[in-house]
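So you can see what is in the structure, the chains are spelled out below.
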Amino acid sequence: AMIALIIYNFFLLISTRDQNYLWYVLSMTSITFVVMSFHGVLAQFAWPNKPYLNNAVLVGSISANIFSATLFAYHFLELKRLHKAIPLLILGHSLAGAGVFILNLFLPYVITVKLAALFSCTGATAGIIIGLYLCFKGEILARFYTLSWAALLTGSIAITLSHMGILPSIIIFDYGQQIGALAEGLLLSFALAYRIKLERHKRYRAQAQVLDIQRSTNKELEEKNQIINQIL
């Protein structure tokens, strides 16, 4: 399902050339790798004889997700219009994700995984707080964004508590992360589609206003010409 979403939105990226789809595709691709690495799918099928690669891919995927997800939030929510501290906070996490991705090539796993986890938690928290703030201001797109992040975090928390024995080991909790990631992908895909609809509606309204102005101007010119002709 995640691969289907990625492919579908990749073709939309090609057709629309909207950079929001670029960051969406990169974010969904990286979170898919995070889930597959976390559950050992890649270690089992991609490199069964090289298990050490799974640690590097896991940290690389998390840091890539931090980088792309924060840039998606920055552009999708148009954060540059807000107070300078907010876009700087989000762009700072994007740079942090890129930095951890590079450090992952040189530093031990025990260090990079802690850095990735730290920036992942702080970035997700910042994203949800900003999303809630925009929701309270009545922005519809922020609702999609906040719900998507809440779905992913709820699923991740559920599987963690299940492994710790706090929650029962049932299918909905054991697969909470996969369910949350899929819910996030679907909600953000709907949000992007709805955003296109809103922009198209704005263009139609702007065109209608221009036509009204042209009609009004033409009517005024005709009235003036009639007055001039009467005088002459």
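Residues numbered from 1 in each chain as written. Predicted model: local features only at pLDDT ≥ 70, side-chain atom pairs only at ≥ 80, totals over all residues. Heavy atoms only, no water.

Colleague: What exactly am I supposed to notice about the overall build of the protein chain here?
Modeller: The helix and strand inventory of the protein chain stands at nine helices and zero strands. Going residue by residue from the N terminus, the α and β elements of the protein chain occur as α-α-α-α-α-α-α-α-α. Radius of gyration (C-alpha) of the protein chain: 24 Å, far over the 17 Å computed for a compact globule of 232 residues. Dimensions of the protein chain along its principal axes, counting C-alpha atoms only, are 95 × 40 × 35 Å. Counting every atom, the protein chain has about 14000 Å² of accessible surface; 69% of that belongs to carbon and sulfur. In the protein chain, the 17 positive side-chain charges and the 10 negative ones have mean positions that sit 6 Å from each other. (Helix = DSSP H or I, 4+ residues; strand = E, 2+ residues; numbered from the N terminus. Rg over C-alpha atoms; globule rule 2.2 N^0.38 Å. Areas by Shrake-Rupley, 256 points an atom, 1.4 Å probe, with all protein chains shown as cover. Lys, Arg positive; Asp, Glu negative; His and termini not counted. Charge placed at Lys NZ, Arg CZ, Asp CG, Glu CD.)

Colleague: Sorry if this is basic, but what is going on with the pattern of salt bridges here?
Modeller: A pair can form between side chains of opposite charge whenever their charged atoms are brought close. Inspection of the entire model under this criterion finds three salt bridges. The residue Arg-195 makes a salt bridge to Asp-18 at a minimum N-O spacing of 2.7 Å. Placement of Arg-195 in helix α9 (residues 176-231) and of Asp-18 in the loop between α1 (2-16) and α2 (19-38) is noted, with a sequence separation of 177 residues between them. On the accessibility criterion, Arg-195 (10% relative accessible area) is buried. Shared partners join several salt bridges into a network, and the residues in it are Glu-78, Arg-81 and Glu-139. (Salt bridge = Lys/Arg side-chain N within 4 Å of Asp/Glu carboxyl O. Buried < 20%, exposed > 50% of the residue type's maximum accessible area, 1.4 Å probe, protein only.)

Colleague: What am I meant to see in the packing of α1 against α2 here?
Modeller: When two helices pack together, their arrangement is given by the angle between their axes and by how far apart the axes lie. For the pair α1 and α2, interaxial distance at closest approach is 9 Å and the crossing angle is 160°. Of the possible angle classes, the one that applies to α1 and α2 is roughly antiparallel. Along this stretch, α1 crosses α2, giving a crossing that reads as left-handed. Of α2, the residues touching α1 (which contributes Met-2, Leu-5, Ile-6, Asn-9, Phe-10, Leu-12, Leu-13 and Thr-16) are Tyr-21, Leu-22, Tyr-24, Val-25, Met-28, Thr-29, Ile-31 and Thr-32. (Axes fitted to C-alpha atoms, helices over the stretch in contact; angles between N-to-C directions. Parallel < 35°, antiparallel > 145°, perpendicular 65-115°, else oblique. Left-handed = near helix turned anticlockwise from the far one by under 90°. Contact = heavy atoms within 4.5 Å.)

Colleague: Teacher, can you tell me more about a nonpolar patch on the surface here?
Modeller: A contiguous nonpolar surface patch, about 770 Å² in accessible area, is contributed by Phe-101, Ile-102, Leu-103, Leu-105, Phe-106, Leu-107, Val-110 and Ile-111. Put simply, the parts of the chain that give the nonpolar patch at least two residues each are α5 (85-103) and α6 (109-136). For the nonpolar patch, the element with the highest residue contribution is α5, accounting for three residues. (Patch = residues over 30% accessible without salt bridge, like charges linked within 9 Å, V, L, I, M, F, W, Y side chains within 5 Å.)

Colleague: Please clarify how α6 should be interpreted in this entry.
Modeller: In this model α6 runs 40 Å from its N-terminal to its C-terminal C-alpha over 28 residues, within 8% of the 40 Å that 1.5 Å per residue would give. The set of residues buried in α6 consists of Thr-112, Ala-116, Gly-123, Ala-124, Ala-126, Gly-127, Ile-128, Ile-130, Gly-131, Leu-134 and Cys-135. Looking one or two residues beyond α6, the residue adopting positive phi is Gly-138, at roughly 90°. (Expected span 1.5 Å × (residues − 1).)

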